[in-house]
Amino acid sequence: MLISLITSALLPLIALAAPLTERDIEERSISGVIIDSDFPDPTWIQVGDSYWAFSTTSGGLHVPMATSSDFNTWTRVSGYDALPTVGAWSTGNGVWAPDVVRLANGLYIMYYSAESTGQTPTGKSAHCFGAASSTTPQGPYTPIGDAIQCHLDQGGAIDPAGFQDHTGRQFIVYKIDGNNMGNGGNCNNGVAPIHSTPLMLQEVDPTNGWSRIGDPVQILDRGDADGPLIEAPSLLHLPSSSAAGGYIYYLFFSSNCYSGSLYDTSYATSVNGVTGPYVKSSAPLLVTGTAGLYSPGGADVGPGGYRVMFHADQATSAAVRVARAGTLTYDVGARTVSI
């Protein structure tokens, strides 16, 4: 989701009398289930007093949608597909992890990954990601341009998420799907040699949201503690007088395999700019057992970093992943987050 410098228009959303400083936001609890049908990898956007949420394909729709007037009570829009057609670069299958941002010019951009018409060097199917646009937050969104990134030689590219910094520069953070090139086991990457699954940062034209500026930069990768992968990035920044350039960057991500109890939501921080280096937190933010959750992941952090939406298994199976929400607390000086 688009994360930018907090303005006075955002203050009612975060219940603060002033923009975030180096102090905690008031901590609040994790919500119950807010969307009780399959709604994995949720993303959300607020415009005025209305909220829209979108998810990975389910129920025969490329991109399902739900709406809310208060972020607490949500209604899934039955039969509505926010992305009825995908780009010509895709087969139309496997539309995963959309993300919606609003550009400074008022245009809404949906980033999404989908199965590519191309394949890996070994002949495996793989995903690329691209963009679609709309003049309204609910869409429908129309594909624009070619695929933004593919990395077919490394397994594909998935989980794109938009980010705008305080200077107006626009970025997409995403995952190279290295476990798609794996040798089997947990999420196809549990058998040595283990493949890298780096998170990448691609700058794009802020006027259209998809034209690439320069080459992507790797900002994080999996380690032994992350199991077979890291994925599902969401990026924001907050003011910090001790950070280079006056901002600390928080990179949220999931690690381990989505179809098991070890799947989690974690984060890393950078005090040296958007490209890092990022330092992983000493412990995940959400794990199985937190507030009764099972396999919590796919988090999307909203404006100012205050609200977060994520999925968790309905029971102990990834067959149905329901949407949950919560609010985050930051200790900017200590570079920590809690929920």
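All values reported here derive from a predicted model rather than from experimental measurement.

A. Region of interest: the overall build of the chain. Along its length, the chain carries one helix and 21 strands. On C-alpha atoms alone, the chain measures out to a radius of gyration of 18 Å, which is about the 20 Å that the 2.2 N^0.38 rule sets for 339 residues. By principal-axis analysis of the C-alpha atoms, the chain measures approximately 55 × 45 × 40 Å. Going through the 339 residues of the chain one by one, you find that 58% of them count as buried. A separation threshold of at least 6 residues defines the contact pool for the chain, and within that pool the share at least 24 residues apart is 54%. About 12500 Å² of surface is accessible on the chain, with carbon and sulfur atoms providing 51% of the total. The averaged location of the 28 negative side-chain charges in the chain is 2 Å from the averaged location of its 14 positive side-chain charges.

B. Broad picture of the packing of aromatic side chains. Under the counting rule described, the total for this entry stands at twelve aromatic pairs. On the basis of an interplanar angle of 45 degrees and a centroid distance of 6.2 Å, the ring pair of Trp44 and Tyr51 is categorised as tilted. Residue classification places Trp44 among the buried positions, given a relative accessible area of 2%. Take Tyr51: its relative accessible area is 5%, and that puts it in the buried class.

C. Representation of the state of the cysteines in the model. Tallied over the entire structure, the rule returns two disulfides. The disulfide pattern of the chain is 1-2, 3-4 when the bonded cysteines are numbered in sequence order.

D. Structural detail: the confidence of the model for the chain. Mean pLDDT over the chain works out to 92, with 92% of the residues at or above the 70 mark. Across residues 1-28, confidence stays below pLDDT 50; counting only partners more than four residues off in sequence or on other chains, it has 78 contacts.

E. Fine view of the sheet that holds strand β12 (residues 212-220). Within the open sheet, the four strands sit side by side as β9-β10-β11-β12. Their pairing is antiparallel. Only two strands of the sheet have a single neighbouring strand rather than two, namely β9 (157-164) and β12. This sheet shows a mean twist of 25 degrees between the axes of neighbouring strands, independent of strand direction. Of the pairings in the sheet, the one linking strand β11 (residues 199-204) to β12 comprises five bridges and is antiparallel in character. Counterpart to Met200 in the pairing with β12 is Gln218.

F. Up close: the side chain of Asp165. Checked against the element boundaries, Asp165 lands in the loop between β9 and β10 (170-176). It turns out Asp165 is buried and unbridged, and the closest side chain with the opposite charge, Arg169, is 4.6 Å from it. Reaching out from Asp165, the side chain makes a polar contact with the side chain of Thr167 at a distance of 2.6 Å. When residues no more than four places from it in sequence are discounted, the contact partners of Asp165 are Phe171, His237 and Tyr249.

G. View of the nonpolar core. Ranked by size, the top nonpolar core spans 22 residues in total, and within it Tyr250, Phe252, Leu285, Leu328, Tyr330 and Val337 carry the most contacts. Within the residue set of this core, elements represented by two or more residues are β13 (230-239), β14 (247-255), β17 (297-301) and β18 (307-313). When residues no more than four places from it in sequence are discounted, the contact partners of Val337 are Tyr250, Phe252, Tyr267, Leu285, Leu328, Thr329 and Tyr330. Counting residues in each nonpolar core, the second largest holds 19 residues, with Val63, Met65, Tyr108 and Ala114 among its members.

Conventions used here
Residues numbered from 1 in each chain as written. Predicted model: local features only at pLDDT ≥ 70, side-chain atom pairs only at ≥ 80, totals over all residues. Heavy atoms only, no water. Helix = DSSP H or I, 4+ residues; strand = E, 2+ residues; numbered from the N terminus. Rg over C-alpha atoms; globule rule 2.2 N^0.38 Å. Buried < 20%, exposed > 50% of the residue type's maximum accessible area, 1.4 Å probe, protein only. Contact = heavy atoms within 4.5 Å. Areas by Shrake-Rupley, 256 points an atom, 1.4 Å probe, with all protein chains shown as cover. Lys, Arg positive; Asp, Glu negative; His and termini not counted. Charge placed at Lys NZ, Arg CZ, Asp CG, Glu CD. Phe/Tyr/Trp six-rings, centres within 6.5 Å; stacked < 30°, edge-to-face > 60°. Disulfide = S-S within 2.5 Å. pLDDT = per-residue confidence, 0-100. Pairing = 2+ DSSP bridges. Axes fitted to C-alpha atoms, helices over the stretch in contact; angles between N-to-C directions. Salt bridge = Lys/Arg side-chain N within 4 Å of Asp/Glu carboxyl O. Polar contact = N/O pair within 3.5 Å; in protein donor to acceptor, adjacent residues only side chain to side chain. Core = buried A, V, L, I, M, F, W, Y, C linked by side-chain atoms within 4.5 Å.

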